[in-house]
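Chain by chain, the residues run as shown.
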Amino acid sequence: MLSPDGTRVAVSKRSGQASNIWLLDFSRDTSTRFTFGSEINWSLVWSPDGSRIIFSSGNDLYQKPVSGVKDAELLLKSSEVPLAESWSRDGRFLLYRVFDPKTDWDFWVLPLEGDKKPVPFLVTEFREREARFSPDGHWVAYVSNESGHYEVYVRSFAMNSSGTAVEAGGKWQISNGYGRKPRWRGDGRELYYRARDGQVMAVEIATNPEFRPGKPQPLGFSAGDEWDCTADGRRCLVAVPKTTGKGDRPEPYTVILNWQAGLKK
């Protein structure tokens, strides 16, 4: 995930049974290890000012300053595996998802002020994932398989006056045929997502006098599961297969046929 100012990217790198988060600085061309340990540290989000990162580790959520001056602080202890999804720009709320055997993946909201008691945002019989707050915090883009395959939707977001529950609001479908990995432009007037063939699509968004999405348009490039874009929408960071340096061809895979016969030797 890119930092809010677009100068750094946080990545989770796996090594054996563990994974840890590293920070890559584009301006200095350096990489710094951010987490240490034998847990799986991943599913991270930047704070709106870029000074902190919330990440999932084991069954819990932690928060840590990017400067490294303090150790990670436990934010939410859970019997499940909470995965951090999005941090509202005003800094007040964290969206995360958890798995329930009865309802699959669902979204919850963790208030980062007050009593910090989690409240449900979207709990259905379908699989919800990949949520992103809009820049103004009034909308949430997410992915659901309620149609039988993944599509990108937007729902309104508003806490009640006591801050103890999310009030129900409208829902709009954004993608057409398939959609994953939604990303907002920094001004909230455009929403990007990845289509079935990997093409990155852009959808104009109007919110006044009411929410109204435009028609999806291809941006002219493809992306895999891991990608992000800068706030102005002019640059995108895309994970690509490792190359050999010979004609920019992807490093070849080694396919072993009849591998079971080798186990008998």
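Computed from a prediction, not measured in an experiment: that's the story for all the values here.

Engineer: Any details on the overall build of the protein chain? Residues and values, ideally.
Structural biologist: Check the secondary structure of the protein chain and you find 1 helix and 22 strands. Computed over C-alpha atoms, the radius of gyration of the protein chain comes to 20 Å, within 12% of the 18 Å expected from 2.2 N^0.38 for 265 residues, which places it in the range of a compact globule. When the backbone C-alpha atoms are referred to their principal axes, the protein chain occupies close to 65 × 45 × 45 Å. The burial tally for the protein chain puts 43% of its 265 residues in the buried class. Looking at the protein chain alone, contacts between residues at least 24 apart form 31% of all its contacts between residues at least 6 apart. Roughly 15200 Å² of accessible area belongs to the protein chain as shown, and the carbon and sulfur atoms make up 48% of that amount.

Engineer: Give a detailed account of the layout of surface pockets, specifying residues and quantitative values.
Structural biologist: Taken as a whole, the largest pocket encloses approximately 840 Å³ of empty space. In terms of lining, the largest pocket is formed by 28 residues, of which the most central are Met-1, Lys-181, Arg-183, Asp-225 and Glu-226. At the level of secondary structure, the elements contributing two or more residues to the lining of the largest pocket comprise strand 1 (8-15), strand 4 (41-46), strand 8 (83-87), strand 12 (128-133), strand 16 (180-184), strand 21 (227-229) and strand 22 (236-238). Its residues assigned to classes, the lining of the largest pocket comprises 15 nonpolar, 2 polar and 11 charged. The calculated volume of the second largest pocket comes to roughly 550 Å³.

Engineer: Pulling in residues and values, what's your account of the pattern of salt bridges?
Structural biologist: One pass over the full model with this rule turns up 11 salt bridges. Across the salt bridge formed by Asp-104 and Arg-127, the nearest N and O atoms sit 3.0 Å from each other. Of this pair, Asp-104 sits in strand 10 (residues 104-111) while Arg-127 sits in the loop between strand 11 (119-122) and strand 12; the two residues are 23 residues apart in sequence, bridging distant segments of the chain. By relative accessible area, which is 18% here, Asp-104 ends up buried. Between Arg-194 and Asp-225 there is a salt bridge, and its shortest N-O distance comes to 2.6 Å. On the criterion of sequence distance, the pair formed by Arg-194 in strand 17 (residues 190-194) and Asp-225 in the loop between strand 20 (217-222) and strand 21 is long-range, its members being 31 residues apart.

Engineer: Give me the environment of Arg-189: which residues, what numbers.
Structural biologist: Within the secondary structure layout, Arg-189 lies in the loop between strand 16 and strand 17. With 14 residues separating them in the primary sequence, Arg-189 and Val-203 have C-alpha atoms 8.5 Å apart. In this structure, Arg-189 is in contact with Val-203, Glu-204 and Ile-205, ignoring residues within four places of it in sequence.

Engineer: Account for the packing of aromatic side chains, with residues named and values stated.
Structural biologist: Within the structure shown, the criterion is met by 11 aromatic pairs. Their ring planes at 75 degrees and their centres at 5.6 Å tell us that Trp-139 and Trp-172 sit as a pair that is edge-to-face. Placement of the pair is Trp-139 in strand 13 (residues 139-144) and Trp-172 in strand 15 (residues 171-173), with a sequence separation of 33 residues. In textbook terms, an aromatic cluster arises when at least three aromatic residues are bridged by ring pairs, as seen for Phe-93, Phe-121, Phe-133 and Phe-157. A cation sits over an aromatic face here: Arg-97 above Trp-105, 4.6 Å from the ring centre.

Engineer: Tell me about the nonpolar core, residues and numbers included.
Structural biologist: Side chains that are nonpolar tend, in soluble globular proteins, to be buried together. By size, the foremost hydrophobic cluster in this structure holds 16 residues, and its most contacted members are Val-154, Ile-174, Trp-184, Leu-191 and Ile-205. Secondary-structure elements contributing two or more residues to this core are strand 13, strand 14 (151-156), strand 17 and strand 18 (199-206). Not counting chain neighbours up to four residues away, the residues in contact with Leu-191 comprise Ala-141, Val-152, Val-154, Ile-174, Pro-182, Arg-183, Trp-184, Met-201, Ala-202, Val-203 and Ile-205. Core analysis: the second largest hydrophobic core is formed by 15 residues, Phe-121, Tyr-142, Phe-157 and Met-159 among them.

Engineer: Quick one: what's the story with the sheet that holds strand 1, residue by residue and with numbers?
Structural biologist: Taken in spatial order, the 3 strands line up as 1-2-3 in an open sheet, and their pairing is antiparallel. Single-partner strands in this sheet number two, and they are strand 1 and strand 3 (30-33). Sheet twist, expressed as the average angle between the axes of neighbouring strands with direction ignored, equals 30 degrees. Of the pairings in the sheet, the one linking strand 1 to strand 2 (residues 18-25) comprises 8 bridges and is antiparallel in character. By the bridge assignment for strand 2, Ser-15 is matched with Ala-18.

What counts and how
- Residues numbered from 1 in each chain as written.
- Predicted model: local features only at pLDDT ≥ 70, side-chain atom pairs only at ≥ 80, totals over all residues.
- Heavy atoms only, no water.
- Helix = DSSP H or I, 4+ residues; strand = E, 2+ residues; numbered from the N terminus.
- Rg over C-alpha atoms; globule rule 2.2 N^0.38 Å.
- Buried < 20%, exposed > 50% of the residue type's maximum accessible area, 1.4 Å probe, protein only.
- Contact = heavy atoms within 4.5 Å.
- Areas by Shrake-Rupley, 256 points an atom, 1.4 Å probe, with all protein chains shown as cover.
- 1 Å grid on protein atoms, 1.4 Å probe; cavity = no way out; pocket = protein on both sides within 12 Å on 5 of 7 lines; lining within 4 Å.
- Points joined across faces, edges and corners; volume = space filled by probe spheres on them.
- Nonpolar A, V, L, I, M, F, W, Y, C, P; charged D, E, K, R; others polar.
- Salt bridge = Lys/Arg side-chain N within 4 Å of Asp/Glu carboxyl O.
- Phe/Tyr/Trp six-rings, centres within 6.5 Å; stacked < 30°, edge-to-face > 60°.
- Lys NZ or Arg CZ within 6 Å of the ring centre and 35° of its normal.
- Core = buried A, V, L, I, M, F, W, Y, C linked by side-chain atoms within 4.5 Å.
- Pairing = 2+ DSSP bridges.
- Axes fitted to C-alpha atoms, helices over the stretch in contact; angles between N-to-C directions.

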